[in-house]
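Observations on the three-dimensional arrangement
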Amino acid sequence: MPSNQSPHTSLYATRPGALPARFRRARVLIVGCGDVGLRVAHALSGRVRLLALTSTADRTAELRSQGITPLAGNLDSPASLRRLAGLATRVLHLAPPPGEGWSDPRTLALTRALRLRSLPDAMVYGSTSGVYGDCQGEVAMETRAPHPDTTRARRRIDAEAWVRFFGRAAQVRSSILRIPGIYAPDRAGGTPQPRLLKGTPVLQAADDVYTNHIHADDLARACIAALWRGKPQRIYNVNDDTCLKMGDYFDLAADLYGLPRPPRVARNTAREQLPLMLLSFMSESRRMDNTRLKRELRLQLRYPTVDVGLLSPVPGV
């Protein structure tokens, strides 16, 4: 390398070696290639070789159309993951844990498979802000001890533990992204509009909770930044700068869309009217700090607040 060239000149630089060009190119494996994974692939298109694990043969054509090489395998069938070993230089793990139980055998199976041959340079895992539990409106920094209130969040804690163990034991630079509510106008169910049209109530001001958000495009960019810039075994909150309670968020969205604001109800009334999943989100209040995201990953948010992001244009419209 020339003396005047920094090893970090390019975000997508790869380590030199006496390998064929197709192997010297960075190879990114996406596990759980849904909406966010496809956004990551779109942003990386032409810069790296893209691979994606899929358990559904019907998705093969879709993935290929996005410039992604599909790899058949199932996180619930560890033997099918052996082919992933040694293929990727960087791994983005966005697949959720199973829908029941207290642990995440899927992440365990993936990390075991990745250790069978040459190791990736980096791994990024998309976790959830739910691992913090109810912070009663306090600021949640990455140094705050997790206190999950649901089995769903406990499964994520288990997944995080396996990712960190993999990073330490295999000396792979592993990063964990704690992600709040994902939104985007071009994402299925990605705005509050359907709930507003249904007239779904929100909590009255006295019972309301702080909620956190990230635009799907900014989340994809955070995933990429962590793949190349994340520090070893580091946790990052991936949220925007919005500081709103949930009811105020829906009021803001209603005003932006020209729709009636949702009715406000007391918490004890909400228990009788709303599904358990929605109630679980209404029982946790926290304000996430995103300083690490900006300083360490050097991410400049394109949609720093929800009022900007909710009105972002939909491609092709």
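This one's a predicted model, so the numbers in the text were calculated from it and none came from an experiment. (Residues numbered from 1 in each chain as written. Predicted model: local features only at pLDDT ≥ 70, side-chain atom pairs only at ≥ 80, totals over all residues. Heavy atoms only, no water.)

Digging into the sheet that holds strand 4 (residues 90-93)
The strands that make up a sheet are held in pairs by hydrogen bonds between backbone atoms, and each pair lies either parallel or antiparallel. Inclusion rule: Between any two strands, at least two bridges found by DSSP are needed for them to pair. Numbering of helices and strands starts at the N terminus; helices are DSSP runs of H or I of at least 4 residues and strands are runs of E of at least 2. Helix axes are fitted to C-alpha atoms over the stretch in contact, other axes to C-alpha atoms as well, and angles between N-to-C directions run from 0 to 180 degrees. Contact criterion: two residues are considered in contact whenever any of their non-hydrogen atoms come within 4.5 Å of each other.
Within the open sheet, the 7 strands sit side by side as 3-2-1-4-5-7-12. Their pairing is parallel. Strands at the two margins of the open sheet, each flanked by one partner only, are strand 3 (68-72) and strand 12 (234-237). Going across the sheet, the axis of each strand differs from the next one's by a mean of 20°, ignoring polarity. As paired elements, strand 5 (residues 122-128) and strand 7 (residues 173-179) share 7 bridges and run parallel to each other. In the strand pairing of strand 7, Met123 is matched with Ser174. Docked against the sheet, helix 2 (residues 35-44) engages strand 1 (27-31), strand 2 (49-54), strand 3 and strand 4, running at close to 165° with respect to strand 1.

Looking at empty space enclosed by the protein
The method is simple in principle: a probe with the dimensions of a water molecule rolls over the atoms, and the space it marks as empty is what remains. Definition in use: Grid points spaced at 1 Å over the protein atoms alone were grouped into cavities, where a 1.4 Å probe fits but cannot get out, and pockets, open sets with protein on both sides within 12 Å along at least five of seven lines, with lining residues defined by an atom within 4 Å of a point. Grid points are joined across faces, edges and corners, and a volume is the space filled by probe spheres set on the points. Side-chain classes follow a simple rule in which Ala, Val, Leu, Ile, Met, Phe, Trp, Tyr, Cys and Pro form the nonpolar group, Asp, Glu, Lys and Arg form the charged group, and the remainder, Gly included, forms the polar group.
Inspection of the entire model under this criterion finds 1 cavity of 30 Å³ or more. Estimated volume of the largest cavity: approximately 30 Å³. Along its surface, the largest cavity is lined by Leu84, Ala85, Gly86, Leu87, Ala88, Val91, Leu114, Ser118 and Pro120. Tallied by class, residues from the lining of the largest cavity come to 7 nonpolar, 2 polar and no charged.

Some words on the side chain of Ser127
We apply this condition: A 3.5 Å cut-off defines polar contacts: any pair of N or O atoms within that distance qualifies, except that in protein one atom must be a possible hydrogen donor and the other a possible acceptor, and neighbouring residues in sequence count only when both atoms are side-chain atoms.
When you line up the elements, Ser127 lands in strand 5. Side chain to side chain, Ser127 and Glu160 meet in a polar contact 2.7 Å long. Leave out the neighbours within four places in its chain, and Ser127 touches Arg156, Glu160, Ile176, Leu177, Arg178 and Ile179.

Here's the deal with the pairing of strand 3
Rules: Look down the strands so they point away from you; if the path from the first strand over the helix to the second goes clockwise, the crossover is right-handed.
In the sheet, strand 2 pairs with strand 3 via 5 bridges, with the strands oriented parallel. In the sheet register, Thr54 faces strand 3, and the bridge partner there is Ala72. The parallel pair strand 2 and strand 3, bridged by helix 3 (residues 60-65), forms a crossover whose chirality is right-handed.

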